[in-house]
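# Understanding the architecture of this molecule
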Amino acid sequence: MQTSIAEIDRIYHGDDYASALARLPVLIGEARSLVDASGGDQRAAGAGQLAQAYQIAGTALIQLRRFDLAYHALNLALDVADESGDELVAASVVTTMCWLLLRQGRFGEAERLAVATADAVEPRFSRTDPTRLAVWGWLMLRGSAAAIRDGRAADAGEMLDAAGAAAVRIGEQLPADVALRMPVTMGAFCPVTVGMKRVEMSAVAGDPVTALALAGRVPPGSGRATSDNRNRHQLDRAWATVERGDLVEATRILSGLRAVSPTWLRHQRYARDIVTTILTRRRRPVSQELAGLADLLGAGS
């Protein structure tokens, strides 16, 4: 079951949402059967697997903007996570629920949920459990994302700094035995991920100069950051580059994203807004490169 969940998670992060969603009903049915047929510790472990299966479904549905279905899937995930008795599996599901609330513009709810859950699982830095640190760090990132979008930069910065401290404590690489204990559906949490979120915070705050300066500190290889975080980082770079007046470079960044993640890019309203801005501000004829981006994103129409 864990292997199947990891495979579907890999398919999802490869931007093949249709395949991931097509395989999930069978996986969820098998996980339900596993829980029903088991008892004791095996039943609890099966419930944890079922929670992760529902969480992947919710994650993919959020990406496709099917928010009502995503909310239902994540509520099911939380219910069975409680049965598993693993508070970190439940907290991992909460990180995805916070992302859903952020996508819906429900910033206050997202922040309160992230902070309350982080308080419940707060780790002791002196006796580090890397799994707990990573889950707690993701909750801090969700709270920070909500606060900056709610116009509270100071609070956002404090939570981002807390997440950064957790990431540094873990380090860039997790030992293999720790990585195996991480909920599969948790995005990679590492210093590079936090660095990308600092760029995002500056972009949300409307500060392209700081965003580009911080982006220059993010290693090109992007460490263990997942594809969606890497891609979002490139959108923030493109936005900041547009705001600094370099429309050609911004188009180049977006074209690079189109080459490696066209499906992901097509579902990003942020990308469509950036391309629309480029079309509005350009002083040259529309290049073939820019026309292809506009067609993919439905920009300028």
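Now for a look at the structure at hand. (Residues numbered from 1 in each chain as written. Predicted model: local features only at pLDDT ≥ 70, side-chain atom pairs only at ≥ 80, totals over all residues. Heavy atoms only, no water.)

In this fold, R65 is placed in the loop between helix 3 (40–63) and helix 4 (67–84). Residues R65 and V93, 28 residues apart in the sequence, show an inter-C-alpha distance of 18 Å. Setting aside its immediate chain neighbours within four residues, R65 contacts R103 and R269. (Helix = DSSP H or I, 4+ residues; strand = E, 2+ residues; numbered from the N terminus. Contact = heavy atoms within 4.5 Å.)

This brings us to the nonpolar core. Among the nonpolar cores identified, the biggest contains 66 residues, and L235, L254, L265, I274, V275 and I278 are the most heavily contacted of them. Ignoring sequence-local partners within four residues, the contact set of V275 consists of L254, L290, L293, A294, L297 and A299. Core analysis: the next-biggest nonpolar cluster, separate from the first, contains 27 residues, L88, V121, L139 and F189 among them. (Core = buried A, V, L, I, M, F, W, Y, C linked by side-chain atoms within 4.5 Å. Buried < 20%, exposed > 50% of the residue type's maximum accessible area, 1.4 Å probe, protein only.)

Counted at 1.5 Å a residue, the expected span for helix 8 (residues 153–170) with its 18 residues is 26 Å, and the 26 Å between its end C-alpha atoms agrees. By the burial criterion, the buried members of helix 8 are A156, G157, M159, L160, A163, G164, A166, A167 and I170. Lining the buried residues of helix 8 we find helix 6 (107–121), helix 7 (130–149) and helix 10 (191–204). In the stretch just after helix 8, G171 is the one whose phi turns positive, near 95 degrees. (Expected span 1.5 Å × (residues − 1).)

This part takes up the packing of aromatic side chains. Enumeration over the complete set of coordinates arrives at two aromatic pairs. On the numbers, 5.4 Å between centres and 40 degrees between planes, the contact of Y12 with Y17 is tilted. Accessibility expressed as a relative area gives 3% for Y12, which makes it buried. Note on W138 and F189: the rings are 6.3 Å apart at their centroids and 55 degrees apart in plane angle, and the pair reads as tilted. Taken together, the positions of W138 in helix 7 and F189 in the loop between helix 9 (176–181) and helix 10 put the pair 51 residues apart, joining distant regions of the chain. (Phe/Tyr/Trp six-rings, centres within 6.5 Å; stacked < 30°, edge-to-face > 60°.)

Moving on to the packing of helix 5 (residues 87–103) against helix 6. Across the interface, helix 5 lies against helix 6 with an axial gap of 9 Å and an inter-helix angle of 165 degrees. Of the possible angle classes, the one that applies to helix 5 and helix 6 is roughly antiparallel. The crossing of helix 5 and helix 6 is left-handed. Across the interface between the two elements, E87, L88, A91, V94, M97, C98, L101 and L102 from helix 5 touch F107, E109, A110, L113, A114, T117, A120 and V121 from helix 6. Tallied by class, residues from the contact of helix 5 with helix 6 come to 13 nonpolar, one polar and two charged. (Axes fitted to C-alpha atoms, helices over the stretch in contact; angles between N-to-C directions. Parallel < 35°, antiparallel > 145°, perpendicular 65-115°, else oblique. Left-handed = near helix turned anticlockwise from the far one by under 90°. Nonpolar A, V, L, I, M, F, W, Y, C, P; charged D, E, K, R; others polar.)

Any link to function would need more than the numbers given here.
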